[in-house]
Amino acid sequence: MKQITLTGIKPTGQPHIGNYLGMIKPALELAKDFQALYFIADYHALTTVRDKKELAHLTYQATATWLALGLNPDEVIFYRQSDIPEVFELSWVLSCFTTKGLLNRAHAYKAIVDDNIAEGREEDKNINAGLFTYPVLMAADILLFGTHIVPVGLDQQQHLEITRDIALTFNKNYGNVLTIPEAVIRKEVMTIPGIDGRKMSKSYNNVIPIFAASNQVRKPVMRIVTDSKRPEDPKDPDECNIFAIYRHLAEVDAVEAKRKLYLEGGLAYGEMKKELFALLEATFSEQRDRYNALMENPGELDKILEKGGEKARDIAGPILTKVRKAIGV
Ligand code: TRP
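Rules of the game
Residues numbered from 1 in each chain as written. Predicted model: local features only at pLDDT ≥ 70, side-chain atom pairs only at ≥ 80, totals over all residues. Heavy atoms only, no water. Helix = DSSP H or I, 4+ residues; strand = E, 2+ residues; numbered from the N terminus. Rg over C-alpha atoms; globule rule 2.2 N^0.38 Å. Buried < 20%, exposed > 50% of the residue type's maximum accessible area, 1.4 Å probe, protein only. Contact = heavy atoms within 4.5 Å. Areas by Shrake-Rupley, 256 points an atom, 1.4 Å probe, with all protein chains shown as cover. Lys, Arg positive; Asp, Glu negative; His and termini not counted. Charge placed at Lys NZ, Arg CZ, Asp CG, Glu CD. Domains from an automatic or database assignment. Buried area = accessible area lost by both parts, 1.4 Å probe. Salt bridge = Lys/Arg side-chain N within 4 Å of Asp/Glu carboxyl O. Polar contact = N/O pair within 3.5 Å; in protein donor to acceptor, adjacent residues only side chain to side chain. Near = heavy atom within 4 Å. 1 Å grid on protein atoms, 1.4 Å probe; cavity = no way out; pocket = protein on both sides within 12 Å on 5 of 7 lines; lining within 4 Å. Points joined across faces, edges and corners; volume = space filled by probe spheres on them. Nonpolar A, V, L, I, M, F, W, Y, C, P; charged D, E, K, R; others polar. Axes fitted to C-alpha atoms, helices over the stretch in contact; angles between N-to-C directions. Parallel < 35°, antiparallel > 145°, perpendicular 65-115°, else oblique. Left-handed = near helix turned anticlockwise from the far one by under 90°.

## Observations concerning the overall build of the chain
When you go through the chain residue by residue, the secondary structure sums to 14 helices and five strands. Taken over the C-alpha trace, the chain has a radius of gyration of 22 Å; the compact-globule value for 329 residues is 20 Å, and the two agree within 12%. With 329 residues in all, the chain has 49% of them scored as buried. Nonlocal contacts in the chain, meaning residues at least 24 apart in sequence, comprise 77% of its contacts between residues at least 6 apart. A total accessible area of about 16,500 Å² is found for the chain, and carbon and sulfur atoms account for 51% of it. Separation of charge centres in the chain, based on 41 positive and 44 negative side chains, amounts to 2 Å.

Given below as structure tokens:
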């Protein structure tokens, strides 16, 4: 039996290159060696998204993104969190083994509290209990499947620690019922710069989208911030935001050739931007067509997710039964 790797995909709209290089590509690689369970965390999104059409649309976008970029639903168990009722039953059970203090210390919650205090508002203003118990639902997502490995970004590290903490507390009381998962933190995510040189992130407005029309991709690429060295000047490739993206997408030989050109001088940043744009087109145009076709066919997306959900429930059922037996219900 292969070990289980699982991760939740928060549906956040159109993907950018940072999402692809930082999360999607490594997750698809991991799926070759593990039984992968990847799911759309739509009930986590409900803590903030309150528009029915938007939530559905975001879920379809995330689903189409992963399929278009190469997720094979015959190999990866690919599903929608809200299709798995077992998650929510386990979530309640786990909440009874989670101290409130543990949740009080969660960074995401604390950040909103700190913001409220800084703005002179009541400290729990605009915080719903779903936001507060978000880490418990995440623990249920993970523990329900006997997960061994959870690949996540650095921002989720604490959530994984909380998951382990909850599982250990449960096991201390009932014996070795739950598998204790390991986080695999992708540090890589941090090094994909956006067009302004900060980490690529929607909230910084510095992204290069993957599936947008060509001119929407070209525009941000041509606006990538560089220093003011002239074409003939030698340049440090490792200080260049264009190269930082290029090197992850181009063939090894091409990357080495460019690195030499940077160091020797003779390369204009404008030319390098054009090359990066051409590379993005070559790399993603087929996937973009597939994405657009999938988005026009939400019925197909539903079918794929439902089938994945059935497979996921086959794994979840026996584990939840074990938990219920352990508790005595
Ligand atoms: N909280 C994660 C994020 O914001 C998404 C997520 C939900 C998740 N459940 C999970 C990640 C379980 C890993 C495992 O990105």
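## Observations regarding the domain arrangement of the chain
Taken domain by domain, the chain holds domain 1 (4–190 + 297–327) and domain 2 (202–291). Taken over C-alpha atoms, the centre of domain 1 sits 33 Å from the centre of domain 2. Taken together, the 17 residues of domain 1 in the interface contact 15 residues of domain 2. Approximately 1,400 Å² of surface area, both sides summed, lies buried where domain 1 meets domain 2, with 66% of it carried by carbon and sulfur atoms. Counting the surface domain 1 buries against domain 2, the share from its top three residues, Q14, I17 and A68, is 39%. At the junction of domain 1 and domain 2, the tally comes to zero salt bridges. Remark: the boundary between domain 1 and domain 2 carries six residue pairs in polar contact (both at pLDDT 80 or more).

## Quick look at the environment of L55
The residue L55 is located in helix α3 (residues 52–68) in this model. Overall, L55 belongs to the buried group, its relative accessible area being 17%. Sequence spacing of L55 and R259 is 204 residues, and the spatial spacing of their C-alpha atoms is 43 Å. Aside from chain neighbours lying at most four places away, what touches L55 is D42, A45, L46 and V49.

## Quick look at the site of the ligand
Contacts to the ligand come from 14 residues, most closely from G8, H44, Y134, D141 and Q156. A distance of 2.7 Å is found between a nitrogen atom of the ligand and a side-chain nitrogen or oxygen belonging to Y134. Take D141: an N or O atom from its side chain is 2.7 Å from a nitrogen atom of the ligand. Relative to its free-state accessible area of 370 Å², the ligand is covered by the protein chains to the extent of 90%. Put simply, the parts of the chain that give the shell around the ligand at least two residues each are β1 (4–9), α8 (134–143) and β4 (149–153). A total of four residues in the shell around the ligand trace back to one element, the largest contributor, which is α8.

## Some thoughts on empty space enclosed by the protein
Overall, the coordinates contain one cavity of 30 Å³ or more when judged by the stated rule. Forming the boundary of the largest cavity are I17, I208, P209, I210, V217, L280, E281, F284 and R288. Examining the composition of the lining of the largest cavity, we find that four residues originate from one element, helix α13 (residues 269–295), more than from any other. For the lining of the largest cavity, the class distribution of residues is seven nonpolar, no polar and two charged.

## A short note on the packing of helix α4 (residues 85–95) against helix α14 (residues 298–327)
Relative to each other, α4 and α14 sit at 25 degrees, their axes nearing to 10 Å. The pairing of α4 with α14 is recorded here as roughly parallel in orientation. Relative to α14, the crossing made by α4 is left-handed. Residues P85, E86, E89, L90 and V93 of α4 pack against R313, A316, L320, V323, R324 and I327 of α14. Across the contact of α4 with α14, the residue classes break down as seven nonpolar, no polar and four charged.

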